[in-house]
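Summary of structural features
So the chains spell out like this:
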Amino acid sequence: MRRRAESPSSIAIYCECPRRYAFKYVEKLPDPMGPAAALGQAFHSMAYETWHLQDIGNCEDPLVCKMLRAMYDHHDVKALPHSQLEEGKTCEYQLKADLGNQTLFGYVDLLLDDVQYAVDFKTSGRPWTKEKVEEQQQHLAYTLGLREIGRSEVKRFLYIVVTTNKNPQCQVITLDVTPEAVQGYRDKFLGAVDMIELDLFPATPCNACRWCPWKNLCPAYKK
């Protein structure tokens, strides 16, 4: 039986390359965590732990410490509420939203009710552009889910992007969301689900081929 819940990440992978989706979610091939993913996970963990105090004294990884300091020193981050986070409520908020016969599942890093913002932490080797963020549409996915479960008070989605180089930089990308854009994502999400249910997984060469862990198994990959 096909998975009954899809995340913004799984749908983004399907829309980028259906074959990659099949490798990961249908065939469930091993997906080894590379150094970049491990660093991102460590940063997220410490960001949750330190958010309310902005105190990185317990951080043992020097690079993660620098990344946290770059984040907390950013003027837009300083302006946000830094209240105590409650696991399962405002820290890595678990989202399950029913969209008819399909569930949208995921995690929102922060919900800041005081300012009606949802926030997602990102780590990256280089700064992001607003176009990159809008193209991924993750903010629309999570806004859709939050509105479906009654969190319609969320008015803005913020990406806090911290680079992973020796001198980390932080950027805050703020996006307003419109009902029309959210509805458009809903249609895209359900359209992708329909294709998944039909077992349509064509290989689609794209920029992501370079770091796909299953590229050597893909008939469309060219070295």
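Residues numbered from 1 in each chain as written. Predicted model: local features only at pLDDT ≥ 70, side-chain atom pairs only at ≥ 80, totals over all residues. Heavy atoms only, no water.

We now examine empty space enclosed by the protein. Going through the model one piece at a time under the given rule, you end up with one cavity of 30 Å³ or more. What lines the largest cavity is simply Cys17, Arg19, Arg20, Phe23, Cys206, Ala208, Cys209, Cys212, Lys215, Cys218, Ala220 and Tyr221. (1 Å grid on protein atoms, 1.4 Å probe; cavity = no way out; pocket = protein on both sides within 12 Å on 5 of 7 lines; lining within 4 Å. Points joined across faces, edges and corners; volume = space filled by probe spheres on them.)

Turning next to unusual backbone geometry. Here the phi dihedral of lysine 28 falls at roughly 55 degrees; this positive angle occurs in a residue that is not glycine. Within the secondary structure, lysine 28 sits in the loop between α2 (18-26) and α3 (35-50). Residues other than glycine seldom take positive phi values, yet glutamine 116 does so here, at roughly 60 degrees. Structurally, glutamine 116 is set in the loop between β3 (102-112) and β4 (117-124). (Helix = DSSP H or I, 4+ residues; strand = E, 2+ residues; numbered from the N terminus.)

We describe a pair of aromatic rings using the distance from one ring centre to the other and the angle between the two ring planes. Using the criterion set out here, one finds 14 aromatic pairs in the structure. Measuring from centroid to centroid gives 6.2 Å for tyrosine 185 and phenylalanine 189, while their planes differ by 45 degrees, and the two rings are tilted. Separated by four residues within a single helix, tyrosine 185 and phenylalanine 189 lie in helix α8 (residues 179-197), roughly one turn from each other. For the pair tyrosine 185 and phenylalanine 189, a shared accessibility class is recorded, and that class is buried. (Phe/Tyr/Trp six-rings, centres within 6.5 Å; stacked < 30°, edge-to-face > 60°. Buried < 20%, exposed > 50% of the residue type's maximum accessible area, 1.4 Å probe, protein only.)

Within α2 the residues assigned to the buried category are Pro18, Arg20, Tyr21, Ala22, Phe23 and Tyr25. Its buried side turned inward, α2 meets β1 (5-6), α1 (8-16) and α8. Looking one or two residues beyond α2, the residue adopting positive phi is lysine 28, at roughly 55 degrees. (Contact = heavy atoms within 4.5 Å.)

This part is about the pairing of strand β6 (residues 170-176). Judged by how many residues are buried, β6 sits mostly within the fold: five of seven residues are covered. Summarising the sheet, strand β5 (residues 156-163) and β6 pair through seven bridges and their orientation is antiparallel. The residue bridging phenylalanine 157 from the neighbouring strand is leucine 175, located in β6. Where β5 hands over to β6, the hairpin turn is made up of six residues, counted between the paired strands. (Pairing = 2+ DSSP bridges.)

Before going further, it helps to spend a moment on the side chain of threonine 103. Along the polypeptide, threonine 103 turns up in strand β3. Engagement of the side chain of threonine 103 in a polar contact is seen with the side chain of aspartate 98, the distance being 3.2 Å. (Polar contact = N/O pair within 3.5 Å; in protein donor to acceptor, adjacent residues only side chain to side chain.)

Their axes nearest at 10 Å, the elements α1 and α8 cross at an angle of 70 degrees. By the angle class used here, α1 and α8 are roughly perpendicular. Between α1 and α8 lies a crossing of left-handed hand. In this structure, α1 contributes Pro8, Ile11, Tyr14 and Cys15 to the contact, and α8 contributes Tyr185, Lys188, Phe189, Ala192, Val193, Met195 and Ile196. Here the contact of α1 with α8 is composed, by residue class, of ten nonpolar, no polar and one charged. (Axes fitted to C-alpha atoms, helices over the stretch in contact; angles between N-to-C directions. Parallel < 35°, antiparallel > 145°, perpendicular 65-115°, else oblique. Left-handed = near helix turned anticlockwise from the far one by under 90°. Nonpolar A, V, L, I, M, F, W, Y, C, P; charged D, E, K, R; others polar.)

The next subject is the environment of glycine 106. Relative to the elements of secondary structure, glycine 106 occurs in strand β3. For the pair glycine 106 and tyrosine 142, spaced 36 residues apart in the sequence, the C-alpha separation amounts to 7.8 Å. Each residue touching glycine 106, except ones within four places of it in the same chain, is listed here: Tyr93, Gln94, Leu95 and Tyr142.

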